[in-house]
Amino acid sequence: ATGLLNSLCFFPLLSYGATAPLAEIPEENLTAALAAGWEERPAGRVRLRGMDADAEDNLFKEFMIAVALLERRQEMDRNLHIPAGADEAEKEDSSDLEVAFPILVGRPHPEGHPRYPGMSDFFAVQAGAGRYPETPSPPSAKSASEFLRRRAVFGEQDVEATLQRSVAATVKGLTSLQGCKLWEVPSSLMEADLSKSQKELVGRGY
């Protein structure tokens, strides 16, 4: 997260594996979701439920911090002010983050699929049959808020806003930004022209 304080632009890679663990599958829907091929623990991560019992999720904390920094930057640009009480050392330790450009990645289609070796639309799979909680996830929110207080010179009002920001609002804060829809990038390149990592990125991995 410290890297966010020293960056002008944030390029989050938003994929099924990144965002589905942030979406809860209600207990009454779990059996049907698993039968449809969705996962109870996407990418091995426990799904958030927006409750005190949630596990602290490091990726989600980074998303929370980024959204909070971007919102403060927008407010500062509008008001042209530095947070009250910030001395010169604090100003230097506050964030330079100005913009985010998400890279949106769908799930690779399996071999035999009509659109193999492409990928699906991220927005069709992002929650993995779940829904993002309309409540905060307290363990992650508390950790992110403390980081913002100590390292980004956030005042109590801004810290409280982060503590109260729901999981759904945090995800929307990133997915609503202009970004790159990777599944819409032409995949007509010859495979010989792509490295192994590039093939995996565009859904040509094995």
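Residue indices begin from 1 for each chain and proceed along its sequence in written order. Side-chain atom pairs in this predicted model are given and counted only at pLDDT of 80 or more, local residue features only at pLDDT of at least 70, and totals for whole chains, interfaces and linings cover all residues. Side-chain measures were taken over the full set of non-hydrogen atoms in the model, leaving aside hydrogen atoms and water.

## Section: the packing of helix α7 (residues 138-151) against helix α8 (residues 156-164)
Lines fitted to C-alpha atoms define the axes here, with helix axes fitted over just the stretch in contact, and angles between the N-to-C directions of these axes take values from 0 to 180 degrees. Runs of H or I in DSSP of at least four residues are treated as helices and runs of E of at least two as strands, each being numbered from the N terminus. α8 packs onto α7 with a crossing angle of 160° between their chain directions and a minimal axis gap of 9 Å. If you check the angle between α7 and α8, you find them roughly antiparallel. As α7 packs across α8, the resulting crossing turns out to be right-handed. Contacts between α7 and α8 pair Ala141, Lys142, Ser145, Leu148 and Arg149 from the former with Glu156, Val159, Thr162 and Leu163 from the latter. Put simply, Ala, Val, Leu, Ile, Met, Phe, Trp, Tyr, Cys and Pro go in the nonpolar bin, Asp, Glu, Lys and Arg in the charged bin, and everything else, Gly too, in the polar bin. Of the residues that constitute the contact of α7 with α8, the class distribution is four nonpolar, two polar and three charged. Orientation categories follow fixed angle ranges, with anything under 35 degrees roughly parallel, anything over 145 roughly antiparallel, 65 to 115 roughly perpendicular, and all other angles oblique. By convention, the crossing between two helices is left-handed when the near helix turns anticlockwise from the far helix through less than a right angle, and right-handed when the turn is clockwise. Contacts were defined at the residue level, with two residues in contact if any of their heavy atoms lie within 4.5 Å.

## Re the pattern of salt bridges
A pairing counts as a salt bridge when a side-chain nitrogen of Lys or Arg comes within 4 Å of a carboxyl oxygen of Asp or Glu. Within this structure, the stated rule accounts for seven salt bridges. Salt bridges sharing partners connect three or more residues here, namely Glu146, Arg149, Arg150 and Glu156.

## Considering the packing of aromatic side chains
A pair of Phe, Tyr and Trp rings is counted when the ring centres sit within 6.5 Å of each other, with Trp represented by its six-membered ring. The angle between the planes then sorts it: under 30 degrees is stacked, over 60 is edge-to-face, the rest tilted. Inspection of every chain in the model, using the stated rule, returns four aromatic pairs. The interplanar angle of 70° and the centroid separation of 5.2 Å between the aromatic rings of phenylalanine 122 and phenylalanine 123 together place this pair among those described as edge-to-face. Only protein chains enter the accessibility calculation, which uses a 1.4 Å probe; a residue is then buried when its area is under 20% of its type maximum, exposed when over 50%, and partly exposed in between. Owing to a relative accessible area of 0%, phenylalanine 122 belongs among the buried residues under this scheme. Their ring planes at 85° and their centres at 6.2 Å tell us that phenylalanine 123 and tryptophan 183 sit as a pair that is edge-to-face. Taken together, the positions of phenylalanine 123 in helix α6 (residues 122-125) and tryptophan 183 in the loop between β5 (180-181) and α10 (196-201) put the pair 60 residues apart, joining distant regions of the chain. Exposure remark for phenylalanine 123: the relative accessible area of 35% places this residue in the partly exposed category. Following the ring pairs from residue to residue traces out a cluster consisting of Phe122, Phe123 and Trp183. When the ring centre of tyrosine 16 is taken as reference, the NZ or CZ atom of arginine 107 above it lies at 4.0 Å. Distance and angle both matter: a charge sits over a ring if NZ of Lys or CZ of Arg is within 6 Å of the ring centre and within 35 degrees of the ring normal.

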